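Chains, contacts and geometry: an overview
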Amino acid sequence: QYSPDSVAGADGEIDPTEITFPGCSCRSSSCAAPECSCLRRGDNYSGRCLRGAEQEGFARPVFECNALCRCSESCQNRLVQRGLRLRLQVFRTPRKGWGVRTLETIPRGSFVCEYAGEVLGSAEARRRIQAQSPQDSNYILALREHLHDGRVLETFVDPTRVGNVGRFLNHSCEPNLFMVPVRVDSMVPRLALFAATDIPAGEELSYDYSGRFRNSPGSSTEHKPVEEENTPRKPCYCGSPTCASFLPWDSSLFSTP
């Protein structure tokens, strides 16, 4: 089932559409810092582009104006919530199955699309992972945000049954997209993908499944064993000079908590 936005998962534990953030009182068509209470959390956008997050060693928190804000729908602090605005195409790749390419030039920093699906609790995410066979495709994305006080926020999104075009994006060790958690109405983040560079029309879109932006030089020589934790590693076919040979692997959801 195609859905442009994330929905509550079958366990019903988390509802991404719930509105819990207060809105700003700005009455102008577009909010401005420092008057706007939303922009005090971070002025992250310049026009339709994200301000240089891919150049930093971490992703800054991004909070957009929300449904309770008094500003207009054209506010510059409303970007990801407007959804996909680019012409993208799902196509069949030679070795990687389905992929996504752009049919138009995408400027660096532009919002491309969201990775949308069912937002699950950790128990349901683990149950689904453990029910998969080695031949099944795993679409469940585990986002971990490390806070300054040592806490870790976890968000699990599964577009296997309900999702958008983001589920067809392939991994690359040298991707042209990077992911940033963007919050609009609540603490449940939207997993937004932005262009890391100027992307020409016809180029395949990809991001690093591990959460790293780019692999460090020499990582292609680090050939990890084909099997880890008794689960076969899947080969990576991105073809980049720094390819790590295998897709990123995180065993945490496969083990008993």
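Residues numbered from 1 in each chain as written. Predicted model: local features only at pLDDT ≥ 70, side-chain atom pairs only at ≥ 80, totals over all residues. Heavy atoms only, no water.

**A word on the overall build of the chain**
Helices and strands together make up the secondary structure of the chain, namely one helix and 16 strands. Contacts in the chain between residues far apart in sequence, at least 24 positions, make up 68% of those at least 6 positions apart. Summed over all atoms, the accessible surface of the chain reaches about 13400 Å², with 49% contributed by carbon and sulfur. (Helix = DSSP H or I, 4+ residues; strand = E, 2+ residues; numbered from the N terminus. Contact = heavy atoms within 4.5 Å. Areas by Shrake-Rupley, 256 points an atom, 1.4 Å probe, with all protein chains shown as cover.)

**Remarks on the confidence of the model for the chain**
When pLDDT is averaged along the chain, the result is 89, and 88% of the positions lie at 70 or above. Low pLDDT, under 50, characterises residues 216-229; the stretch is placed with 24 contacts to residues that sit more than four places away or in other chains. (pLDDT = per-residue confidence, 0-100.)

**What to know about the packing of aromatic side chains**
The final tally for this structure, using the stated rule, is five aromatic pairs. For the ring pair F21 and F63, a centre distance of 5.8 Å and an interplane angle of 55 degrees mean the geometry is tilted. A residue pair is termed long-range when its members are at least 10 positions apart, and F21 in the loop between β1 (7-8) and β2 (45-46) and F63 in strand β4 (residues 62-63) qualify at 42 residues. Ring pairing ties together the aromatic residues F111, F178 and F194, which thus form one cluster. Here the guanidinium or amino end of R167 rests over the ring plane of F168, the centre of that ring lying 5.0 Å away. (Phe/Tyr/Trp six-rings, centres within 6.5 Å; stacked < 30°, edge-to-face > 60°. Lys NZ or Arg CZ within 6 Å of the ring centre and 35° of its normal.)

**Topic: the pattern of salt bridges**
Counted under the stated rule, the structure contains twelve salt bridges. Note that E118 and R128 form a salt bridge whose closest N and O atoms lie 2.9 Å from each other. Of this pair, E118 sits in strand β8 (residues 118-120) while R128 sits in helix α1 (residues 122-131), and the two are ten residues apart along the sequence. R128 shares its class with E118; the two are buried. (Salt bridge = Lys/Arg side-chain N within 4 Å of Asp/Glu carboxyl O. Buried < 20%, exposed > 50% of the residue type's maximum accessible area, 1.4 Å probe, protein only.)

**Overview of the sheet that holds strand β12 (residues 177-183)**
Pairing is mixed across the open sheet formed by four strands, whose spatial order is β4-β12-β13-β7. The sheet is open, and its two edges are formed by β4 and β7 (111-114), each paired on a single side. As paired strands, β7 and strand β13 (residues 190-195) are joined by three bridges and run antiparallel to one another. By the bridge assignment, E114 is partnered in β13 with A192. (Pairing = 2+ DSSP bridges.)

**A short note on the layout of surface pockets**
Over the atoms a probe the size of a water molecule is rolled, and this reveals where empty space is left. Space inside the second largest pocket adds up to approximately 300 Å³. Lining the second largest pocket, in full, are R48, C49, L79, R82, G83, L84, R85, L86, P107, S110, F111 and V112. Partitioning the lining of the second largest pocket into residue classes produces seven nonpolar, two polar and three charged. (1 Å grid on protein atoms, 1.4 Å probe; cavity = no way out; pocket = protein on both sides within 12 Å on 5 of 7 lines; lining within 4 Å. Points joined across faces, edges and corners; volume = space filled by probe spheres on them. Nonpolar A, V, L, I, M, F, W, Y, C, P; charged D, E, K, R; others polar.)

**Considerations on the nonpolar core**
L88, V112, L169, L177 and L205 are the most contacted members of the largest nonpolar core, which totals 20 residues. For this core, the secondary structure elements donating two or more residues are β7, β9 (141-146), β13 and β14 (204-207). The element that contributes the greatest number of residues to this core is β13, accounting for three residues. Residues L50, L79, F178 and V180 belong to the second largest nonpolar core, which totals twelve residues. (Core = buried A, V, L, I, M, F, W, Y, C linked by side-chain atoms within 4.5 Å.)

**Here we look at the sheet that holds strand β10 (residues 152-158)**
With mixed pairing, the four strands of this open sheet are ordered in space as β1-β8-β10-β9. The open sheet has two edge strands, β1 and β9, and neither has a second partner. With six bridges joining them, β9 and β10 adopt antiparallel strand pairing. Bridged to L143 within β10 is T155. In the packing of α1 onto the sheet, the strands contacted are β8 and β10, and the crossing angle to β8 comes to about 110 degrees. (Axes fitted to C-alpha atoms, helices over the stretch in contact; angles between N-to-C directions.)

**Description of the environment of S25**
Within the secondary structure, S25 is located in the loop between β1 and β2. In the structure, S25 is positioned 43 residues away from L68 in sequence and 8.9 Å away in space, judged by C-alpha atoms.

**Some details on unusual backbone geometry**
Residues A33 and P34 are joined by a peptide bond in cis, for which omega reads 0 degrees. Summarising the element assignment, P34 is placed in the loop between β1 and β2. Within the chain, S245 stands out as a residue other than glycine whose phi angle is a positive 80 degrees. Within the element layout of this structure, S245 appears in the segment after β16 (231-232).

**A closer look at the pairing of β10**
In terms of strand pairing, β8 meets β10 through three bridges, oriented antiparallel. Across the sheet, L120 pairs through a bridge with F156, a residue of β10. Hairpin connection, β9 to β10: the antiparallel pair is bridged by five residues, and G150 has positive phi, about 95 degrees.

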